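Coordinate inspection notes
Now for the letters of each chain:
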Amino acid sequence: MCTGRREGAPRWPQTPAAPSADRGGCVTILSSERESALHTPFKEYDPPETDQVAPVTRSAGPVAVSSGRGKQQVVTAILVVAPLLGVVAAAMGVISPRITILDVILAVAFYAVSGHGLTAGFHRMFTHRSFKAARWVKITLAVAGSLGMEGSVISWVANHRRHHAYTDRKGDPHSPYEYGNGMWNQIRGAMHAHVGWLFQAQPTEEARWAPDLVKDKDLAAISRMFPFLGIASLGLPMLIGWAVTRTWAGALGGLIWGGLIRVFVLHHATFSVNSVCHLWGRRPFTTRVEDRSTNFAPLAVLAMGENWHNLHHSCPTLARHGVDRHQLDSTARLIWILQRAGAVWDVKWPVAEILDRRRNTVAACVPS
Ligand SMILES: [Zn+2]
Ligand SMILES: [Zn+2]
């Protein structure tokens with residue numbers, strides 16, 4: 001069980017029992033900061049629990065920077081469409097006709113690094129403060145997540161905090177229920193949640209939704225470097241492909257498989273959490289009334305545990321989303337390893353008894 005800073009990582013995969021003093025969150029809190037940690041970050045960002053939603057701007061795309069709308073949409077289009085072109089080119093055998101072992105290694109390695117940068121870094125650490133980390137871990141996760149080419153760390157966090165604050169209500173940047181119920185509206189909503197919202201480029205205010213990150217010099221600098229990190233995300237596998245094979249075919253293989261196709265799959269795994277994991281699947285945990293988040297098991301490997309999305313919406317600050325038996329959550333495993341190594345601490349692990357209080361008594365599915 002977690003009992004203090006930099007020590008006591010829980011045994012895996014059992015969910016630790018609740019400490020006697022725990023007062024009803026979903027977490028074991030580990031230090032003198034227990035009190036505030038129980039409620040952050042959402043105390044600061046939650047709107048009132050009523051239908052009276054505060055006025056907000058529509059969300060920005062993955063490149064939610066403070067530049068003009070046209071420029072944002074062009075950059076967003078490049079980020080979304082370029083990987084698709086790589087997939088098409090590979091499928092047609094135009095550029096890289098033969099996949100090699102090196103291509104596969106580059107694709108898997110860059111997927112794991114950039115993907116866990118997004119899930120452990122952008123999502124669980126920077127958005128939800130599920131754990132605290134050494135500075136080198138913070139910087140590594142922020143850089144790794146930026147290689148996922150889903151926008152700068154600050155804009156990503158700002159959008160995601162808005163999603164939690166207004167889940168499936170007016171103000172949610174990417175709810176599949178944006179256009180209401182009914183088959184046609186749901187199809188439109190699914191497309192909006194999956195990719196359409198990225199092009200509705202009016203920025204989420206970073207100073208309002210991510211003031212803690214804006215003040216962090218390291219994260220602000222990494223956010224500004226996002227365009228260069230995006231180029232590096234494609235250039236590095238290309239460079240490695242060339243360095244290993246000393247051929248242009250090797251370089252192109254690295255670019256296509258380790259770069260474009262890897263980004264394409266990662267993007268659509270993430271996008272599916274926004275769309276699929278609010279449309280189809282099981283709802284074993286209670287959430288707000290409007291919240292339609294689901295657990296969708298088939299995405300577990302590609303989404304690195306983010307697919308246990310109903311649990312996540314029920315207990316947003318938990319470091320582990322796959323809390324039940326056989327629920328793969330490679331992100332939680334990474335956090336656990338880092339905790340064992342002393343690189344992260346104050347990890348908010350689930351508590352079995354408290355989780356049980358948040359379980360729906362009747363198995364629920366979406367749509368109901
Ligand atoms: Zn969600
Ligand atoms: Zn979240």
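What you see is a predicted model, and the numbers here were worked out from it, not measured in a lab.

Some details on helix α12 (residues 248-275)
Given a rise of 1.5 Å per residue, 28 residues ought to cover 40 Å, and the 38 Å separating the end C-alpha atoms of α12 matches this to within 8%. Approximately 30° is the largest bend angle found in α12, and it occurs at Arg-262. Among the 28 residues in α12, 23 count as buried, and that is most of the element.

Section: the nonpolar core
The nonpolar side chains of a soluble globular protein tend to be buried, and buried together. Grouped together as the largest cluster of nonpolar side chains are 74 residues, with contacts concentrated most on Phe-131, Val-153, Val-157 and Ile-335. With 12 residues, the top contributor of residues to this core is α12. If sequence neighbours within four positions are ignored, Val-153 has contacts with Phe-122, Phe-126, Ala-142, Gly-145, Ser-146, Leu-213, Leu-219, Ile-222 and Ser-223.

A closer look at the environment of Thr-76
Residue position: Thr-76 is located in helix α3 (residues 69-91). Taking the C-alpha atoms as reference, Thr-76 lies 9.8 Å from Met-149; in sequence the two are 73 residues apart.

Re unusual backbone geometry
We note that Asp-168 has phi near 55°; this positive angle belongs to a residue other than glycine. Residue position: Asp-168 is located in the loop between α6 (153-165) and α7 (183-194). Under the C-beta neighbour-count criterion, Asp-168 is labelled buried, with 22 such atoms within 10 Å. At His-326, a position not held by glycine, the phi torsion is positive, near 65°.

So, how was this worked out
Residues numbered from 1 in each chain as written. Chains lettered and ligands numbered in written order. Predicted model: local features only at pLDDT ≥ 70, side-chain atom pairs only at ≥ 80, totals over all residues. Helix = DSSP H or I, 4+ residues; strand = E, 2+ residues; numbered from the N terminus. Expected span 1.5 Å × (residues − 1). Bend = angle between axes of the 7 residues up to and from the residue. Buried ≥ 20, exposed ≤ 12 C-beta atoms within 10 Å, placed from the backbone. Core = buried A, V, L, I, M, F, W, Y, C linked by C-beta atoms within 7 Å. Contact = placed C-beta atoms within 7 Å.

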